[in-house]
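Structural characterization, general
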Amino acid sequence: MTPARPTADASDARLAEALAPLRADPARSAVLLDIDGTLAPIVRYADDAHVPEATRTLLIEIARRYAVVACVSGRRASDARRIVSIGTISYLGSHGTELLRAGAVEPVLDPAVRDWGRRIQAFGREADNAELRRLRVRIEDKGSIVAFHWRGAPDEEAARAAIDTIAGRAEQSGLRTHWGRKVLEVRPPVRMDKGAGIQRFLEDAELDAAMYVGDDVTDLDGFRGLGEMLAEGKLRHALRVCAASDEGPTELADEADLVVEGTDGVRALLEALLGGDAGDGGAQPAG
Ligand SMILES: O=P(O)(O)OC[C@H]1O[C@H](O[C@H]2O[C@H](CO)[C@@H](O)[C@H](O)[C@H]2O)[C@H](O)[C@@H](O)[C@@H]1O
C-alpha cells in the first residue's frame with residue numbers, strides 16, 4: 001500500500017521545482033509514463049481501461065514539445081498504444097521487452113524473451129481449469145507473459161488463494177512470478193524489467209533530464225533505471241514520481257522524488273510540465 005507521504009499540504013511550488021530541469025530544456029528531456037494506475041484509472045476489467053481525454057490532450061501537447069515521450073507498460077506494446085491512442089509517442093510494452101517506436105507498425109521484441117511465448121502460453125492453458133473459471137479468475141495472454149487477475153472476482157480471497165497455487169507451480173517449473181495490483185504475472189526466467197527497457201530505449205538519445213511516473217511494483221524498476229543513468233552520468237537530472245494509491249507498494253513512495261495522488265495527480269503534473277496550473281492534484285513533497 002502506498003502510504004500517504006508526510007502529508008504536508010499539496011505544494012505546487014515543490015511540483016514546479018521538481019519539474020524545473022525538464023521544463024528548462026524540453027529538447028533534451030524525456031517524459032516516461034506508466035499506463036494503468038498512472039494515466040488510466042484502475043478499473044475492474046483490464047479491457048475497459050482508458051486514458052481520460054483531458055490527459056490525452058496534455059500528452060499530445062507534451063509530445064510536441066519534449067524530445068522523448070513514451071509509455072512504459074506491463075501490457076503488450078500494441079495494447080498500450082490502443083489504450084493511449086497517440087501515434088506520435090513510443091510504447092515500451094511487456095515491462096520494457098517490446099519497443100514500438102512512434103510511427104512504427106510492429107514492435108521490436110527483446111531477443112531474450114522471443115522464444116518463450118509458446119512455453120508461457122502453454123502454462124496459461126494448463127492453469128486454466130473449471131475451478132479457476134468458477135472463481136472468475138481472468139487470464140490475460142500477453143505473448144511472453146501470462147497474467148492471472150482476481151480483481152472483482154465474487155470471492156477475491158478464494159481467487160487469490162487459487163492464484164497462489166498457480167504461482168507455486170510456475171516457480172517449480174522454472175518460470176518467474178511477479179505480483180502487481182490484484183494480478184499475478186508468470187514470466188520467462190529472463191530479465192524483464194522496465195528499467196532495462198528504458199535504458200535500451202534511451203541509449204542513443206542525448207538527454208539532460210528524464211522523468212518517470214508510475215504506481216506499482218514494476219515501476220520500481222523504472223525508478224532504478226533512471227537512477228543508474230544518473231549515476232553513470234548519462235543524465236544530469238532524474239525525476240521519479242509515484243502516483244499513490246491505497247494498493248500501491250510503500251517502497252514506491254519511499255523511493256520517489258515526488259508523490260502525487262493517483263491519476264488526477266498525474267494529470268496535474270502533466271499540466272505543470274506544460275507550464276499550466278497544477279490545480280489541486282495533490283502533489284506532496286517526497287522525503
Ligand atoms: O505497467 P502498467 O501499464 O501499469 O500495467 C500494469 C498492468 O495493468 C493492467 O492490470 C491492472 O489494471 C487493470 C485495469 O485497470 C486492473 O483491472 C488490474 O487489476 C490491474 O492489475 C494489465 O491488465 C496488466 O497486463 C498490466 O501488467
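Here's what I pulled together on the structure shown here. These numbers were taken from a predicted model, which means no experiment stands behind them. (Residues numbered from 1 in each chain as written. Predicted model: local features only at pLDDT ≥ 70, side-chain atom pairs only at ≥ 80, totals over all residues.)

**Regarding the environment of D257**
Of note, D257 is situated in the loop between α10 (250-255) and β12 (258-261). Once the C-alpha coordinates of D257 and V241 are considered, the two residues, 16 residues apart in sequence, prove to be 6.0 Å apart. (Helix = DSSP H or I, 4+ residues; strand = E, 2+ residues; numbered from the N terminus.)

**Digging into the nonpolar core**
The biggest cluster of nonpolar side chains holds 60 residues, and the ones touching the most others in it are L32, V241 and L269. In contact with L32, other than residues within four places in its own chain, are A70, V72, I198, A210, M211, Y212 and G222. Grouped together as the second largest cluster of nonpolar side chains are 15 residues, I145, F148, A153 and L175 included. (Core = buried A, V, L, I, M, F, W, Y, C linked by C-beta atoms within 7 Å. Buried ≥ 20, exposed ≤ 12 C-beta atoms within 10 Å, placed from the backbone. Contact = placed C-beta atoms within 7 Å.)

**Focus: the packing of helix α2 (residues 53-65) against helix α11 (residues 262-273)**
Two numbers describe how α2 lies on α11: the axes approach to 10 Å, and their chain directions differ by 30°. One element, α2, and the other, α11, form an angle in the roughly parallel class. α11 is crossed by α2, and the crossing has left-handed handedness. Contact residues: A54, T55, L58, L59 and I62 in α2; R267, L270, E271 and L273 in α11. Broken down by class, the residue content of the contact of α2 with α11 amounts to six nonpolar, one polar and two charged. (Axes fitted to C-alpha atoms, helices over the stretch in contact; angles between N-to-C directions. Parallel < 35°, antiparallel > 145°, perpendicular 65-115°, else oblique. Left-handed = near helix turned anticlockwise from the far one by under 90°. Nonpolar A, V, L, I, M, F, W, Y, C, P; charged D, E, K, R; others polar.)

**A look at the pairing of strand β3 (residues 90-93)**
Side chains S90 and L92 of β3 all project onto a buried face; the interleaved residues Y91 and G93 project onto the opposite face, where all are buried too. Across three bridges, the pairing between strand β2 (residues 68-72) and β3 is parallel. The partner of V72 across the bridge, within β3, is L92. Read from β2 through helix α3 (residues 77-84) to β3, the crossover connection turns out right-handed. Here β3 runs beside strand β4 (residues 98-100); their pairing, made up of three bridges, is antiparallel. Looking at the pairing, L92 lines up with L99 of β4. Where β3 folds back onto β4 in an antiparallel hairpin, the turn is made up of four residues, including S94, whose phi is positive at roughly 45°. (Pairing = 2+ DSSP bridges. Right-handed = clockwise from strand over helix to strand, strands pointing away.)

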